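Fold and contact review
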Amino acid sequence: MASTAPWVSEKPTALLVLADGTVIEGRGLGAEGEAIGEVCFNTALTGYQEILTDPSYAGQIVTFTFPHIGNVGVNEEDEESLAPISRAGAVGAIFKADISTPSNYRATGGLDEWLKKRGVVAMSGLDTRALTALLREKGVADAVIAHSPDGDFDVETLKKKAAGWSGLVGLDLAKDVTSGQSSLWEETPWVWNEGYGEQDAPSMHIVAVDFGVKRNILRLLAGLGAKVTVVPATASAADILALQPDGVFLSNGPGDPAATGDYAVPTLRELLKTDIPIFGICLGHQILALATGGSTVKMHQGHHGANHPVKDHTTGKVEIVSMNHGFAVDTTSLPEGVKETHVSLFDGSNCGIAIVGKPVFSVQHHPEASPGSQDSHYLFRRFANLIRERKGEPALAERA
């Protein structure tokens, strides 16, 4: 005999409430409570732990377009924020499928418990394709993500919070994720079955300005023979020059570059008066553009993923790169003497600049990957070669 039990619908234990009043239901994961931020989508197939711990995602809720997130668990080696205890990175995460039991020899724990420990509010069980299509059509959205195991929510209050948030424009988040003091970095890139190495015989000194730097950037610099001194985002030009660097690196980071530029641009303009090689990535790229007199703009949906095609005008080659940015340099604002070196083949937006006649350049994308393609690793050698040239040393092959 057929069962006559009534149909019982599952009570949602998580909500995503957009600033326009849209309410999307799902199942709660990670930390309980709520978080407010900008909802974006990331198209990478791997590297969710690196993505969620990238300080550039501060103030953002990441929607993963790949449906199965958490399969390989988490481990201490894949953290990207400089100080894991600070919990710098995404404030929320959205998945299609529930998190499965981890199955990977490197795993030391599961993603759900890790999200709880980091205070990241997450949800699953929603149509991430539909959400991504919405974000592509209407642009990134301010929102509140909320998780309550009993499913009790004050929806009207959540709507007001989402609508009332000021958003990322005008927000300096670098000051929230930067180092509190200077430190020395010696760890070199990961090698399978060996782990990370250590740079104990440096041949150059690079000062890295930390706007929210990723660990793998520092590893690649150290791997090329650099002693790396990390300094806070607010370090002055005098502070940096007192360290007698052979090169200065401007890191990635979150927030509006124009806001961070209030204190970072004057510092960089002083450094540009010297002949010290300078290399910038992501926010560092945008700060360099601002220091030369250019401007930045907020993007419609931003670039977040590990499959973005970029053309290097200096070589004519196309590379697949990782990206994570919601602001971009306005190419038309670049002054004379600053040339565009890289461009996105998705939308034609600027992805790199260089100052004519100076050992100074930057890129919008993430050549360190973590996660993603290593096509752009050569840019670190390009930077090292500018330093080596200044020291009278032979150049390295850009592509090993």
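Residues numbered from 1 in each chain as written. Predicted model: local features only at pLDDT ≥ 70, side-chain atom pairs only at ≥ 80, totals over all residues. Heavy atoms only, no water.

The line we're drawing: UniProt positions are given in the numbering used here, feature names are shortened, and annotations may be inferred rather than shown by experiment.
As recorded by an unreviewed UniProt entry, the chain carries the name Carbamoyl phosphate synthase small chain and is attributed to Aquamicrobium ahrensii. Recorded under Sequence similarities (unreviewed entry), the UniProt text for the chain is reproduced unchanged: "Belongs to the CarA family."

Description of the pattern of salt bridges
Proximity of charged atoms lets side chains of opposite charge pair with each other. Put simply, the rule reads: Salt bridges are counted wherever a side-chain nitrogen of Lys or Arg sits within 4 Å of a carboxyl oxygen of Asp or Glu. Think of it this way: any DSSP run of H or I at least four residues long counts as a helix, any run of E at least two long counts as a strand, and we number them from the N terminus.
Considering all chains together, one arrives at 20 salt bridges under this definition. With a closest N to O distance of 3.3 Å, Lys11 and Asp152 form a salt bridge. Of this pair, Lys11 sits in the segment before strand 1 (14-18) while Asp152 sits in the loop between strand 7 (141-147) and helix 4 (155-164), and the two are 141 residues apart along the sequence.

Description of the pairing of strand 2 (residues 23-30)
The condition that has to hold: By this definition, two strands are paired if DSSP reports at least two bridges between them.
Direction of pairing for strand 1 relative to strand 2: antiparallel, over a ladder of four bridges. What sits directly across from Leu15, in strand 2, is Glu25. Between the end of strand 1 and the start of strand 2, which pair antiparallel, lie four residues, with Gly21 showing a positive phi angle near 100°. When strand 2 meets strand 6 (residues 121-124), the two strands line up antiparallel, connected through four bridges. The residue bridging Arg27 from the neighbouring strand is Ser124, located in strand 6.

Some words on the sheet that holds strand 5 (residues 92-94)
The condition that has to hold: Every axis in this analysis is a line fitted to C-alpha atoms, fitted for helices over the stretch in contact. Angles between the N-to-C directions lie between 0 and 180 degrees.
Read once around its circumference, the closed barrel built from seven strands follows the order 1-2-6-5-4-3-7, with strand pairing classed as mixed. Within the sheet, the average angular offset between the axes of one strand and its neighbour, ignoring direction, is 35°. Relative to strand 6, strand 5 runs parallel, the two being bridged by three bridges. Across the sheet, residue Ala93 finds its bridge partner in strand 6, namely Ala122.

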